[in-house]
Amino acid sequence: MDKTPWWKQKVIYQIYPMSFCDSNGDGIGDLPGIISRLDYLQQLGVGALWLSPVYPSPNRDNGYDISDYCDIHPNYGTLADMDTLIAEAKKRDIRIIMDLVINHTSDQHRWFQKSRRRIEPYTDFYIWKKGEPGKKPSNWGSFFGEDCWVYDELRGEYYLHLFAKEQPDLNFHNEMVIEAIEEVMRFWLERGVAGFRCDVINVIYKNTLANGKWRPALTGSEHYISTEGCHRVLHRLNTEVLSRYDAFTVGETVFVTPRMAEDLVDPSRRELSTVFAFEHMETDCFKIKWFLRKFRAERFFACLTKWQKALSWNTVYLENHDQPRSVSRFGDDTRYHDESAKALATLVLTLRGTPFLFEGQEIGMTNFDYTGMEQIRDVESLNIWNLGQKLHLPRALRWKMIKEKGRDNARTPMQWDDTANAGFSGGTPWLAVNENYTRINVRDQQQDPDSVLNYYRRLIALRNGSAVLQQGSFTELHRGDGLYAYRRALGEQSVTVVINLSERQNKNPAGGRVLLSNYGRTACPGTLLPYEAVLLVPEAEKQPAAEVVQ
Ligand code: TEU
Ligand code: CA
């Protein structure tokens, strides 16, 4: 019997519910909208959906500020809609993964409201610290460019928030907090979800609140990144709850080295199934995303190879709701839109690890075409804009930072067709639709056999049917001049992947029979054209790793 867990075989698709599909014309995507698109997702070939948070929330940080862990935001529907989604997805062999944000809650959560008033058992649910108004307890900085202490008049103490000030951090030194989180996990697992994407999971346990060593950003982080206490909490959540449901977890882990990541995913430690690491997402910046640096494919490939070699099992992703669109960032979204989107598809679906796609990636959606700050909704971008102003950064530089790295780049509504609002909503969308929806949309691409969408479908089908692509080892063959080549091998079978992530022509360092080509080639090319990608199998191989899917 095949004991390989499902999450090592399937492709996972992230839905940003606010922007996916609006069923009732209020401009906000919702659960019935997702349900109406399940057939599309089944045809795409994905095996699980990760939903960004759908819980009640004041949406200061678009749902990552949860005010009730055991209900559904009325914008999205009801618990009954969620049950329908789980059941309808299951019929199509698709699992549902919830986003679990436990580092912090919303300041509107009843736990916080009671904690402010010292009502038991919530008094120590959050990280409170005595201090004079105007005199912060420590020098820490937050992820969203503010300092991270707020003085609460009602309680007469400061609380800690590593993200927005409306997102107070929970206190994982408190046994009752861990129990409360266990209850939340059981609530959803009992309803039939397959697991959780665990938001910023490696910062939940703070060793101390003392001053940190000064850094240009995130001063204090040495006191809370991947602490022993965090490992202890995760082991406990795993043994007491997750393992009993055979639940899958992917932890979002910031500033981790491969060593730190391996400690979180090593099966013998029983903590998480997988993690999202960020290093490859930091190859176009100097450590902090706002410190822009020109993208260089070599640096990117070197980082991918490093993680492929170091970690027993990776996640592979190029996009999510916090990152710019990959075709705009790593490809060329004007001259070689389709070619580069397909080259990136080849990359994300043939490396070793669980592939995660973000809604719209499969049609090559591009960065938002906004022209002014008034179009921006994201709290992080708004904070950074204001901070930049305070620091007297030139306006042009601030604008460049937001244009290139702002999170709304990925959050514009899904482009379903070329009708009004891209078929996303009958009302006014909460965030503007990218004007290129008449050129880039699902309906057109469904009808075009050579579209980015149909290339994704072929590639996913290929991966779904190929043990080599799922399980095979990874060996780098070549890296340089924008070219990346590697081999995946399992037993007698192998697949060689060659990707030219540049607009230069490049000599092909590999040979073999063509399994799939983003230029529609049938014979192995000697010279690779701009953004050309090709999957090759040995000529002599009688039993191909997987048939070419047309
Ligand atoms: O993100 C955590 C995180 O560290 C970053 O990716 C963050 O979005 C930012 O870009 C740092 O500069 C997670 C969620 O994915 C994000 O949407 C939330 O805003 C954040 O946690 C807080 O819950
Ligand atoms: Ca709606």
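Scroll up for the structure.
First, a word on what this report is: a plain description of the structure on this page. Everything numeric in this text was worked out from a predicted model, so none of it was measured. (Residues numbered from 1 in each chain as written. Chains lettered and ligands numbered in written order. Predicted model: local features only at pLDDT ≥ 70, side-chain atom pairs only at ≥ 80, totals over all residues. Heavy atoms only, no water.)

**Some words on a negative patch on the surface**
Part 1: Taken together, the side chains of Asp338, Asp444, Asp448 and Asp450 define an acidic patch exposed on the protein surface.
Part 2: Note on placement: aspartate 448 falls in the loop between α14 (442-447) and α15 (452-464). (Patch = residues over 30% accessible without salt bridge, like charges linked within 9 Å, V, L, I, M, F, W, Y side chains within 5 Å. Areas by Shrake-Rupley, 256 points an atom, 1.4 Å probe, with all protein chains shown as cover. Salt bridge = Lys/Arg side-chain N within 4 Å of Asp/Glu carboxyl O. Lys, Arg positive; Asp, Glu negative; His and termini not counted. Charge placed at Lys NZ, Arg CZ, Asp CG, Glu CD. Helix = DSSP H or I, 4+ residues; strand = E, 2+ residues; numbered from the N terminus.)

**Some details on the site of ligand 1**
Part 1: In the neighbourhood of ligand 1, 19 residues make up the surrounding shell, with Asp61, Asp199, Asp322, Glu380 and Arg407 lying closest.
Part 2: Between ligand 1 and arginine 197 there is a distance of 3.0 Å, counted from an oxygen atom to a side-chain nitrogen or oxygen.
Part 3: At a separation of 2.5 Å, an oxygen atom of ligand 1 approaches a polar side-chain atom of aspartate 322.
Part 4: Expressed as a share of its isolated accessible area of 490 Å², the protein-covered part of ligand 1 is 93%.
Part 5: The residue inventory of the shell around ligand 1, partitioned by class, reads seven nonpolar, three polar and nine charged. (Near = heavy atom within 4 Å. Polar contact = N/O pair within 3.5 Å; in protein donor to acceptor, adjacent residues only side chain to side chain. Nonpolar A, V, L, I, M, F, W, Y, C, P; charged D, E, K, R; others polar.)

**What to know about the sheet that holds strand β18 (residues 513-517)**
Part 1: Across the sheet, which stays open at both edges, the five strands sit in the order β14-β15-β16-β20-β18 with antiparallel pairing between neighbours. The open sheet has two free edges, formed respectively by β14 (473-480) and β18, since each of these has just one partner strand. Across the sheet, the mean angle separating the axes of adjacent strands is 20° when strand polarity is ignored.
Part 2: Bridge analysis of strand β15 (residues 483-490) against strand β16 (residues 493-500) gives eight bridges, and the strand direction is antiparallel. Across the sheet, arginine 488 pairs through a bridge with valine 495, a residue of β16.
Part 3: Against the sheet, helix α8 (residues 297-310) touches β14 and β15, its axis set at about 160° to β14.
Part 4: Sheet contacts for α15: β18 and β20 (533-537); angle to β18, the most-contacted strand, approximately 130°. (Pairing = 2+ DSSP bridges. Axes fitted to C-alpha atoms, helices over the stretch in contact; angles between N-to-C directions. Contact = heavy atoms within 4.5 Å.)

**Description of the side chain of glutamate 252**
Part 1: Positionally, glutamate 252 belongs in strand β8 (residues 248-252).
Part 2: Relative accessible area serves as the criterion here: at 5%, glutamate 252 is assigned to the buried category.
Part 3: A polar atom in the side chain of glutamate 252 sits 2.9 Å from the backbone nitrogen of valine 200.
Part 4: Discounting chain neighbours no more than four positions away, the residues touching glutamate 252 are Arg197, Cys198, Asp199, Val200, Ile201, Asn202, Phe276, Phe278 and Asp322. (Buried < 20%, exposed > 50% of the residue type's maximum accessible area, 1.4 Å probe, protein only.)

**Details of the pairing of β20**
Part 1: Most of β20 is tucked away, with five of its five residues classed as buried.
Part 2: The alternating pattern of β20 places Ala533, Leu535 and Val537 and Val534 and Leu536 on opposite faces, both of which are buried.
Part 3: Sheet topology places β16 next to β20; four bridges connect them, and they run antiparallel. When the bridges of β20 are listed, isoleucine 499 appears paired with alanine 533.
Part 4: Where β18 and β20 come together, four bridges link them in antiparallel fashion. Bridge assignment links serine 517 to a residue of β20, and that residue is valine 534.

**Here's the deal with the coordination of the calcium ion (ligand 2)**
Part 1: Those protein atoms acting as donors to the calcium ion (ligand 2) are Asp22 (OD), Asn24 (OD1), Asp26 (OD), Ile28 (O) and Asp30 (OD), and they sit at 2.3 to 2.4 Å.
Part 2: In the primary structure, the donors to the calcium ion (ligand 2) are separated according to the pattern D-x1-N-x1-D-x1-I-x1-D. Across this residue pair, the class does not change: aspartate 22 and isoleucine 28 are buried. (Donors = N, O, S within 2.8 Å, 3.2 Å for Na, K, Ca; no water.)

**Focus: the layout of surface pockets**
Part 1: Approximately 510 Å³ is the volume found for the second largest pocket.
Part 2: The residue inventory of the lining of the second largest pocket, partitioned by class, reads ten nonpolar, seven polar and six charged. (1 Å grid on protein atoms, 1.4 Å probe; cavity = no way out; pocket = protein on both sides within 12 Å on 5 of 7 lines; lining within 4 Å. Points joined across faces, edges and corners; volume = space filled by probe spheres on them.)

**Looking at unusual backbone geometry**
Part 1: Going from glutamate 120 to proline 121, the amide bond is cis rather than trans, its omega being 0°.
Part 2: Positive phi is not limited to glycine here, since arginine 118 has a value of about 55°.
Part 3: Classification of arginine 118 as partly exposed rests on a relative accessible area of 44%.

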